Amino acid sequence: NAGVTQTPKFQVLKTGQSMTLQCAQDMNHNSMYWYRQDPGMGLRLIYYSASEGTTDKGEVPNGYNVSRLNKREFSLRLESAAPSQTSVYFCASSAPGQGSSYEQYFGPGTRLTVT
Amino acid sequence: RKEVEQDPGPFNVPEGATVAFNCTYSNSASQSFFWYRQDCRKEPKLLMSVYSSGNEDGRFTAQLNRASQYISLLIRDSKLSDSATYLCVVNEYSSASKIIFGSGTRLSIRP
């Protein structure tokens, strides 16, 4: 049981390049999320998927697209990377618990630098 | 005003001390509350949920004050291994899109 896995762990891109961050979970969770974490700003939600086949924007969606490929996988794509997208990206998953609580399980993160 | 606010610290306390963090939230309709722990360059991990009546897990005690809209975390008999950043998390409206993370409080335990 690997939990939430993310690839790659590190990536350096030049401005304007594109890439896809991969995320997979083996806990049969319905909900999956993409966050970015910047110093002093906490985690900010980019996109989320409440269930297979649905995706919705979070707080900071501009410059990103997502695909919920199946229940296990949720990918994040940067079409034209910008230096402002330099960050640590975390994928997470959750299954709604009692009382509508959303305890989340995180992947190890992808450290992305855009030069 | 930020939706979830925490004192960034760092808190630097000796081993064995008791330390407390507070977190305030702005939306009175918030429904569920958590404390996560994040080690340096690692992913956040759930430390404990916070229930209305308060709850304890070993050396850790969490309290919720809905009237004043704050959550607290108390760590007793602190260990070197407690050194980490503690994130306050608030879930509004029972919606996946409204999970708000505080920016975290750094705790450093010295021998």
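What you see is a predicted model, and the numbers here were worked out from it, not measured in a lab. (Residues numbered from 1 in each chain as written. Chains lettered and ligands numbered in written order. Predicted model: local features only at pLDDT ≥ 70, side-chain atom pairs only at ≥ 80, totals over all residues. Heavy atoms only, no water.)

(A) Focus on the packing of aromatic side chains. Applying the stated criterion across every chain yields a total of 12 aromatic pairs over all chains. Judged by centre distance (5.3 Å) and plane angle (75°), the ring pair of F11(B) and F21(B) falls under edge-to-face. Here F21(B) lies in strand β3 (residues 19-25) and F11(B) lies in strand β2 (residues 11-14), a separation of 10 residues in the sequence. On the accessibility criterion, F11(B) (23% relative accessible area) is partly exposed. Consider the rings of Y36(B) and F101(B), whose centres lie 5.9 Å apart with planes at 55°: the pair is tilted. Highlighted residues: Y36(B) in strand β4 (residues 30-38) and F101(B) in strand β10 (residues 99-101), separated in sequence by 65 residues. An aromatic cluster is defined as three or more aromatic residues linked by ring pairs; in this entry it consists of Y33(A), Y35(A), F90(A), F106(A), F34(B), Y36(B) and F101(B). (Phe/Tyr/Trp six-rings, centres within 6.5 Å; stacked < 30°, edge-to-face > 60°. Helix = DSSP H or I, 4+ residues; strand = E, 2+ residues; numbered from the N terminus. Buried < 20%, exposed > 50% of the residue type's maximum accessible area, 1.4 Å probe, protein only.)

(B) Here's a closer look at the state of the cysteines. In the structure shown here, the tally under the stated rule is two disulfides over all chains. Covalent S-S linkage joins C23(A) and C91(A), the inter-sulfur distance amounting to 1.8 Å. Given an S-S torsion of about -70°, the disulfide between C23(A) and C91(A) has left-handed geometry. With C23(A) in strand β3 (residues 19-25) and C91(A) in strand β9 (residues 87-94), this residue pair connects regions lying 68 residues apart in the sequence. For the pair shown, C23(A) and C91(A) are each scored as buried. With a sulfur-sulfur separation of 2.0 Å, C23(B) is cross-linked through a disulfide to C88(B). Looking along the S-S bond of the C23(B)-C88(B) disulfide, the torsion reads about -75°, which is the left-handed sense. Of the two residues, C23(B) is situated in strand β3 and C88(B) in strand β9 (residues 84-92); the sequence distance between them amounts to 65 residues. The same class applies to C23(B) as to C88(B), namely buried. (Disulfide = S-S within 2.5 Å.)

(C) Layout of the sheet that holds strand β6 (residues 55-57) of chain B. Residue and element names in this part refer to chain B. Read from one edge to the other, the open sheet built from five strands follows the order β1-β3-β8-β7-β6, with strand pairing classed as antiparallel. At either end of the open sheet lies a strand with only one pairing partner, and these are β1 (4-6) and β6. With strand direction ignored, the average angle separating the axes of adjacent strands in the sheet is 20°. (Pairing = 2+ DSSP bridges. Axes fitted to C-alpha atoms, helices over the stretch in contact; angles between N-to-C directions.)

(D) Inspection of the nonpolar core at higher detail. All names here are of chain B. Within the largest apolar cluster, 24 residues are counted, with the highest numbers of intra-cluster contacts made by F21, W35, I71, L73, I75, Y86 and L107. If you list the elements that add at least two residues to this core, you get β3, β4, β5 (44-50), β7 (60-65), β8 (70-75), β9 and β11 (105-110). Discounting residues that sit within four places of it in the chain, L73 has contacts with V19, A20, F21, W35, L47, M48, F60, T61 and Y86. (Core = buried A, V, L, I, M, F, W, Y, C linked by side-chain atoms within 4.5 Å. Contact = heavy atoms within 4.5 Å.)

(E) Structural view of the pairing of strand β7 (residues 64-68) of chain A. Residues and elements named next belong to chain A. Alternating positions in β7 separate cleanly, Y64, V66 and R68 being buried on one face and N65 and S67 remaining unburied on the opposite face. Direction of pairing for β7 relative to strand β8 (residues 74-78): antiparallel, over a ladder of five bridges. Across the sheet, residue N65 finds its bridge partner in β8, namely R77. Linking β7 to β8, which pair antiparallel, is a turn of five residues.

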